[in-house]
Amino acid sequence: MPELPELLAANERYAASFTKGGLPMPPARHVAVLACMDARLHPEKFLGLEEGDAHVIRNAGGRASDDALRSLIISYKLLGTREFVVIHHTDCGMLTFSNDQIREMLKNDTGADASAIDFLPFSDLEASVREDVQTIRSSPLIPDDITVTGFVFDVKTGRLSEVS
Ligand SMILES: [Zn+2]
């Protein structure tokens, strides 16, 4: 069943009581979150963020990909964020495949060659958080006074654990 009608009905209800049309563009809490797109993660809810509070950048794995870095750079440089929070999570789908496997699946299904795409899967959850925090910290385009902290979100408990 297509979900679009339900989604649009929900938006009608949201807009009917919407009162936040006057918010400024820069995030009020000066925070940018980079998190996995996993449907079980609801960063705004589990971090207590409201409309206008923070940038929430999401992709498969919450990886510090080139495009995530693009968003983080825009976030601090043009919109004044000062703290970055990286969030990966237990039971992540990115732990379940390799680049070779997904490239093979795509080749079989579409005939197209995906060898130029790094899908950024990982086999060690905490190591992947450290790697992405390090990638962001070491970017010459991101100043050292921006704090970058990494966490694992536990999908069973809803709790964040810092990765040091
Ligand atoms: Zn995930």
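Further up the page is the structure itself.
So, here's what we can say about the structure. Nothing here was measured: the structure is a model prediction, and the numbers come from that model.

## Section: the overall build of the protein chain
Summing up its helical and strand segments, the protein chain has 5 helices and 5 strands in all. In sequence order, the secondary structure elements of the protein chain are arranged as α-β-α-β-α-β-α-α-β-β. With respect to the principal axes defined by its C-alpha atoms, the protein chain has extents near 50 × 50 × 30 Å. For the protein chain, restricting intrachain contacts to residue pairs at least 6 apart in sequence, the fraction spanning at least 24 positions comes to 67%. Element-wise, carbon and sulfur atoms account for 55% of the exposed surface of the protein chain, whose accessible area totals about 10200 Å². Charge centroids of the protein chain, computed over 16 positive and 25 negative side chains, lie 4 Å from each other.

## A look at the environment of E126
Examined against the element boundaries, E126 turns out to sit in helix α5 (residues 125-137). A C-alpha to C-alpha distance of 8.9 Å links E126 and G150, two positions 24 residues apart in sequence. Those residues in contact with E126 that lie beyond four places of it in its chain are V152 and V163.

## Some points on the side chain of S65
Here S65 is to be found in the loop between β2 (54-59) and α3 (66-79). When residues no more than four places from it in sequence are discounted, the contact partners of S65 are N59 and L120.

## Section: the nonpolar core
Ranked by size, the top nonpolar core spans 32 residues in total, and within it V33, L34, L72, F84, I87, I136 and I142 carry the most contacts. Where this core is concerned, the elements lending two or more residues are β1 (31-36), α3, β3 (83-89), α5 and β4 (147-153). Top element by residues in this core is β1. It accounts for 6 residues. Setting aside residues no more than four positions away along its own chain, V33 makes contact with L47, L49, H55, V56, I57, V85 and I87.

## A word on the pairing of β1
Most of β1 is tucked away, with 6 of its 6 residues classed as buried. As paired strands, β1 and β2 are joined by 6 bridges and run parallel to one another. Residue pairing for β2: A32 is matched across the bridge by H55. Two strands pair when backbone bridges link them, and β1 and β3 are joined in this way by 5 bridges, in the parallel orientation. Note that in β3 the partner of V33 across the bridge is V85.

## Remarks on unusual backbone geometry
The backbone of D91 shows a phi angle near 60 degrees, a positive value even though the residue is not glycine. Position of D91 among the secondary structure elements: in the loop between β3 and α4 (99-110). By relative accessible area, which is 54% here, D91 ends up exposed. You will see that L120, though not glycine, has its phi angle at about 60 degrees, which is positive. As for its placement among the helices and strands, L120 is situated in the loop between α4 and α5.

## Observations regarding the coordination of the zinc ion
Looking at the zinc ion, one finds its protein donor set to be C36 (SG), H89 (NE2) and C92 (SG), positioned 2.0 to 2.3 Å from the metal centre. In the primary sequence, the donor residues of the zinc ion line up as C-x52-H-x2-C. Of this pair, C36 sits in strand β1 while C92 sits in the loop between β3 and α4; the two residues are 56 residues apart in sequence, bridging distant segments of the chain. Relative accessible area serves as the criterion here: at 4%, C36 is assigned to the buried category.

Here is what the cut-offs are and how they apply
- Residues numbered from 1 in each chain as written.
- Predicted model: local features only at pLDDT ≥ 70, side-chain atom pairs only at ≥ 80, totals over all residues.
- Heavy atoms only, no water.
- Helix = DSSP H or I, 4+ residues; strand = E, 2+ residues; numbered from the N terminus.
- Contact = heavy atoms within 4.5 Å.
- Areas by Shrake-Rupley, 256 points an atom, 1.4 Å probe, with all protein chains shown as cover.
- Lys, Arg positive; Asp, Glu negative; His and termini not counted.
- Charge placed at Lys NZ, Arg CZ, Asp CG, Glu CD.
- Core = buried A, V, L, I, M, F, W, Y, C linked by side-chain atoms within 4.5 Å.
- Buried < 20%, exposed > 50% of the residue type's maximum accessible area, 1.4 Å probe, protein only.
- Pairing = 2+ DSSP bridges.
- Donors = N, O, S within 2.8 Å, 3.2 Å for Na, K, Ca; no water.

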